[in-house]
Each structure stands twice: as structure tokens, then as C-alpha cells.
Amino acid sequence: MVSEDAPRLERLGDVWVGRFTAMASPCEVLVDTDRRRDAADLVRAARAEARRIERKFSRYRDDSVVHAIHAGRGAPFEPDAETARLLGYAAACFELSGGLFDVTSGVLRRAWTFDGAEAAPDDARIAEALAHVGWPRVEWDGRTFMLPEGMELDFGGLGKEYAVDSAAALLAERSPVACLVNFGGDLVANAARRDGAPWIVGVDDPDRTGEGALYRIELQHGGLATSGDARRYVTWRGKRLGHILDPRTGWPVADAPRSVTVLSTTCIEAGTLATLAILQGRGARAFLEAQGVTGWVVDA
Amino acid sequence: MQLKTTAASATGSVRGALRAAASVLLAGGAVAAVASAAHAADAPRWQFDSSGLLYGELHRTTVVEPMARITRVFSKGSSLTAQVDFDAITGASPSGAQPSGVVQTTTTPSGNTKTVPAGDLPLTDFHDVRGAVDLEYAQPIGSHLTATTGGHWSKEQDYRSLGGRAQLSLEVFQRLSTFTLGASANADVITPLDGTRAAFTEDDRTGVDSNDKHARSWLVGTSRVMTRRWLLGATGTYSEEWGYLSDPYKVVSTLDPVTGHTTGALHERRPDRRLRRDVLVSSVYHHTTDVSYLSYRYYWDDWGVQAHTGDFRIRHDFDETHFVQPHVRFSHQGEADFYSYGIVEGSAKPDFATSDYRLGMLNTVTVGATYGFDLASVPGQITVRGEFMRQWGRGYPDVAVGSQKTYNLAPGVNTGTLMLGWSVGW
């Protein structure tokens, strides 16, 4: 029996690999050390950080900050410093994307079921959902946050990447040992390995998840994140529509790539750029080029 | 269809603004921590290891050996290690004299005499303390080469050893292979407690107080990462020894050609040169959580001694706080060309002769285990190692004469070792 307190550790070459589940994703922490106890300490710290962030920002838990905001039904809310920073980042994303990246757009998803079936979107439902979407409708002055009743906040597009960066920074503060923190495919290397060799990261083919890497990326340090999900789509009039919704129209973004992977200094930056690229639809590749970003685009 | 887009030189406006927003989100401190981690890996640190070893042979030797080692790792990856050892040895060791049908009297290193009953193996009592200091400095040169130099000094009542060593290790093929070259030299002085006795005499003094013994050796090694889980290594060493290579306290019995009873004991005589070679092949395999170590060593020298040694250990971690590592070792050694069960009176005296059991045919089996654990109240890790060793030689050789045939000339010895260790790093 594996006790809750002991993360599963496996020796692979000259690193220890710790595995656990958090944020509904398989998580992996690679620790570049020979000392199992050091590795276990770091894996446990990373897991604690992932679960702390999950607990705090999950829409599905009744003890989360998000739940408290929703339960306030439009009442003014004074978030703690970390939540305030995340709201600030969400505001910046909205501005920089011209309204495409919107943490209030989660409501829209209820109008769609991305199970691959032929969907007949209900225009009335989409219109109703759109009435509860739109970052400009919230009030946020950096201290007090007000979310109109009926609207919802969803950090789903940011939380995992933020947790990766936060955990990696936490581990770097604890120990000089280099770690690769990977939460469900979004990852960051917090330092170069002790032998100077890069971390090797494989990116899956969205059509053949788990069957072999589409790319092998050498990472000294920095973040890597992927946006897009091959398994979540609907078909409409014979066209395959991905699950990335345009909060301005309520419809999936036309001609969106299947997935975009971006390499950047932090995981959250990589993840946001990948999402922004997908939201550009056919313009994903041009967007990455214009931003001077190293990325990989898999077309639909 | 996929395509990689490559970073253009100009940084886009969205990206720049996003990076600023991200650094605010990650509270500055966190991002700085990530950026500085690469440098933190070079941070200086300390490692301290210590152990206490208790070794006992039933009715024979007892050894108490405390050891302490401290390592300082400097910021550029160089390190300095200092180790201090102290041994206290008390007990008795076979003198080389054979059991006999008559009562025998032997002399101890300090000049006392000891009498053993008929049929018993004569042992020499001794008591000694030894102090040793070892220093080692390792320095990376560039990114692929490491130079290591070291030296040791040790002193006991009748023995002083001084040595130096140097080694170069090169990592190649993406660090999948390592090549090592090493050399060492030793200068020892043996000062028998009651003066040096002439070889093949009962008790004639040579008048020489101290005797020099020298050694130098060369080492060539390689290791290779075969798969993600498997590391294979091979090392060869070649050493030369010259000078006083005899043991000043060991004797060879003279035997009555008919009865086989001992008639006396002559101080042994060994050649004054020895060439030793050995080849070691080792494998480390990482299973899912266990790690197994397997090695085989073949040793041969120009005294005619050949030895095969196999060693197997497997480490199992229950969790990060405790592990167990069982250990088993087999060794078979053939006897030296001049190993003797006694010189028969009236026969031609050989050029060299020894009855030191360590140069005779010797089989050794060792079984043991190490258990490592943490105590919440003590930093670092504690290890306890227990080992049982059984050693036996050729007890009833064909060459035995007369009453010798009725005695076990190389009775088995059982020994136990208990070691307590404590390691901590900061």
C-alpha cells in the first residue's frame, strides 16, 4: 500500500522521477540528484504546492477562493495578495489579446459539448451564455473585485502553468538541485543539470497521445507549455471545431490549430502565448513569428 | 502537418507586455529564484561522514575502528576531503607455525613467549593502535576533465606508511563514457618491535632496526552508460612492490620427517619484489526502485597467487527515510608458489617459504546487510552494517607429514563485523 505521504519515486538514469496526480493531470517532477531523500523532499514540496494552488483556485471546490467569489453573488470581494496578482495577470491577458483571452468565458463552455459528435449549436443558449461573459463587466481596482452575479471566473487556462512556475521557484529556493517540473505536459526546468546536459522533453503527437514524441526539445532552463486538445472537439456541417472558444462570438475559433507548443522563460508565459496563438486561428503561426517566439504548431 | 516557428530577432509587443505581467504574477522573487538556481547549484557545501567499526574473530582478533571524514565542496566544483582513522587491534593471529603432536612455545612480537598444547594452531598475540590521515583534492579542468590528487600518512607501533596518488578522469561522448588514468606511490617503513630477525633462522638478529618497503601502481579504467538504467565499468591496475616484503612475525615450522612433529620454527622468507595485477568488471543496474551492484575481480601476481572475487549488493529503499542493502561476497584464492606447510628436516632448503595463511589457499564467504534510517531528532542518515565472514583454507594437504595428517592445518575462522555510521550534509 502506498501511503499518501510517500510520492512514488523511480530512478531513471541519473535522475529521480516523482509522480503524483494533481489538477486532474498526471504530474512528474524530475530531480537531478543521486540522493533519494533529497528527491523525495522536493517532490513532496512540488506536490504540496500543486495541491495548494488547486485547492485555492478550483471552480469545483467549495473551499476555494473562486467559490467564495461566486458565492458572493456580485458582492465586493477583497482577495489576498496571490489572488490579486492572478486577477492582475488575467486583466493583462484580456488587454493584450484584444478580448480573446477572457477568464470569464468559462460559462460559454456549458453551451457546447466537445465530445466529437455532430453538434447543432443552440443559438439561444449561446446568446444567453454570452450575456454572462466579458471581463469589462467586472470591477477590479487592484484591491476590490466585483464579479456580477451569474458570471463565473475560471482560472483553468492559467492555474496549471502558474502552479508549475510557482512549484519550480519554490524548489529552487529549497535546494540547489536542478528540477524539471511537469504538470500535465506544461513544464519548466528551474536550472541546468549538474553535468551541463539539457533536459530532453518529448512533445506528443495530439493524434497519438502517449505513443511517441513528435518533437524532442532540449531545455536548459525555461518553460514549455502546450495549448489545444485533440480529444475535445465537435463536428459542425462536416467541419471539425476545436474546444477553444472565441468569447466575442461564443463559437469555436475557426481554423484553429490542433495544438500549439511554446518555449519561453516561464511556463505561464509559454502557456499564455500558446493559447493566444490558437485564438488567432489561421494566424497562429504568424502570431508566434511576430512575437519572436519559438513554437511548434500542429494544424488541424 | 506541423511546422516549427523559429524565434525572430525582434521581440513582439504582446510577448514583452506578457513577460512583464508574468513577472508581477510570479511576484518577482519567484522568478528571480528560478533565474538564480543555475548559480545556486554551484553553492559551496559540506559533507560529513563518520563510522565506528567493531570487528571480531572468535578467539582471535578484535578491531575497533572509528573513522571521520569531512568534505568541503567549493563554488567552482572543486572539493577537499580529509579523513582521519584510528584502529585499535587486540588479539592473536596464526604465526605460521604448524600444529604439532608436541607442546609448542612461540615468541610474541614484543618478546614474550606463549605455549600452546599439542594439536593446537600456534597464534601470536599482539596489540597495536594505528592512526591514519588522508587528504584528497579534486579539481575540474574545463567541463570534461577532473584531476584528483591525494596523500596519506599512517602510523602504528611497528609500521609507518606514506603515500601519494594522482588521477585524471575524462568524460566523453555526451558524458556517456568515462576514462580514468591513475598512479600512486607508497613508501613504508617496518620496524619490528624486537628487532629484525634473519630469514630462515630461529632467532638471529640482523641488527637492522627498520626495513623499507616501496610500492608504485598504475590504474586504467573506463565506464560506460549502456542504457538509461545500466552502467558498466572496467578497471585494471598494475603494481610493483619491492624491499622488505616479509612479515617479521611469521615463521615456518621445521618438521621431523617421520613423526611430523615440529622441531622448531624459522623466520619466513619472501622474495623482495612482487608484481601484482588485477582486473575489475562492475555493473550498476537501476531497477524501478532498487539498485543492484555486481562485480567480479581477477587478481594474479608473480608470486603465483591467483584470486577470483564476486560481489553482489542490492539496495532497496522502503521510502526516502530507510533502506536495506543485502550483500554477499565469494572469494577463492590459490596459494603462493612458495607457500609451505613446514620444512621437513634433512630436505633441501627452499629459496623462499612462508606459512602465512594469507598467502595460502583461502576461501572466503561474506554475508551481510546494511540498514539505513533517519531519526526525526537527528539530522542526516544513520546506517548499521552487520557482516558475517567464514574463511577456510586447505586443512589436510597431501604434503602433510606424519602426525600433521591428523590435524586441520588451516582451521576455518568465523568473523563478525558491526559498523555504525552517521552522514550529514549541509
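First things first, this report covers the structure right here in the doc. Just so you know, these numbers come straight off a predicted model, no measurement behind them.

This brings us to the sheet that holds strand 14 (residues 262-267) of chain B. The mixed open sheet is built from three strands, whose spatial order is 14-13-19 (chain B). Each of the sheet's edge strands pairs with one partner strand only, and the pair in question is strand 14 and strand 19 (343-344) of chain B.

Here the focus is the packing of helix 6 (residues 267-279) of chain A against helix 1 (residues 13-25) of chain B. Running from N to C, helix 6 of chain A and helix 1 of chain B point in directions that differ by 140°, and their axes come no closer than 9 Å. Considered as vectors, helix 6 of chain A and helix 1 of chain B are oriented oblique to each other. Crossing hand, helix 6 of chain A versus helix 1 of chain B: right-handed. Between helix 6 of chain A and helix 1 of chain B, the contacting residues are Ile-268, Glu-269, Thr-272, Leu-273 and Leu-276 of chain A on the first element and Val-14, Arg-15, Leu-18, Arg-19, Ala-22 and Leu-25 of chain B on the second. Among the residues forming the contact of helix 6 of chain A with helix 1 of chain B, the class breakdown is seven nonpolar, one polar and three charged.

All names here are of chain B. Here strand 13 (residues 251-255) runs beside strand 14; their pairing, made up of five bridges, is antiparallel. Directly across from Val-252, in strand 14, lies its bridge partner Leu-266. Here strand 13 hands over to strand 14 after six residues, with Gly-260 in that stretch at a positive phi of 80°.

One finds Tyr-89, Trp-135, Leu-153, Phe-155, Val-181 and Phe-183 of chain A to be the most contacted residues of the largest nonpolar core, which totals 76 residues. Formed by 18 residues, the second largest nonpolar core is a distinct cluster that contains Leu-187, Tyr-215, Ile-217 and Leu-224 of chain A.

Let us now look at the pairing of strand 3 (residues 25-31) of chain A. All names here are of chain A. Within strand 3, five of the seven residues are buried, leaving the element largely enclosed by the surrounding structure. As judged from the seven bridges shared by strand 2 (residues 15-22) and strand 3, these two strands associate in the antiparallel manner. Within the sheet, the bridge partner assigned to Ala-22 lies in strand 3 and is Ser-25. Between strand 2 and strand 3, which pair antiparallel in sequence order, lie two residues; one of them, Met-23, sits at a positive phi of approximately 50°. Taken together, the five bridges between strand 3 and strand 6 (residues 179-183) define a ladder with antiparallel strand orientation. Looking across to strand 6, one finds that Leu-30 is bridged to Leu-180.

Residues and elements named next belong to chain A. Position of Asn-190 relative to the elements: it lies in the loop between strand 7 (186-189) and strand 8 (199-204). Of note is the side chain of Asn-190, whose polar atom sits 3.2 Å from the backbone oxygen of Ala-168. Within polar-contact distance, the side chain of Asn-190 engages the backbone nitrogen of Cys-179 at 2.9 Å.

The subject of this paragraph is unusual backbone geometry. Residues and elements named next belong to chain A. The phi torsion at Arg-73 lies on the positive side, around 45°, for a residue other than glycine. In this structure, Arg-73 sits in the loop between helix 2 (65-71) and helix 3 (81-96). Residue classification places Arg-73 among the exposed positions, given a relative accessible area of 59%. Residues other than glycine seldom take positive phi values, yet Asp-255 does so here, at roughly 55°. Among the structural elements, Asp-255 can be located in the loop between strand 12 (239-242) and strand 13 (259-264).

The rules behind these values
- Residues numbered from 1 in each chain as written.
- Chains lettered and ligands numbered in written order.
- Predicted model: local features only at pLDDT ≥ 70, side-chain atom pairs only at ≥ 80, totals over all residues.
- Heavy atoms only, no water.
- Pairing = 2+ DSSP bridges.
- Helix = DSSP H or I, 4+ residues; strand = E, 2+ residues; numbered from the N terminus.
- Axes fitted to C-alpha atoms, helices over the stretch in contact; angles between N-to-C directions.
- Parallel < 35°, antiparallel > 145°, perpendicular 65-115°, else oblique.
- Left-handed = near helix turned anticlockwise from the far one by under 90°.
- Contact = heavy atoms within 4.5 Å.
- Nonpolar A, V, L, I, M, F, W, Y, C, P; charged D, E, K, R; others polar.
- Core = buried A, V, L, I, M, F, W, Y, C linked by side-chain atoms within 4.5 Å.
- Buried < 20%, exposed > 50% of the residue type's maximum accessible area, 1.4 Å probe, protein only.
- Polar contact = N/O pair within 3.5 Å; in protein donor to acceptor, adjacent residues only side chain to side chain.

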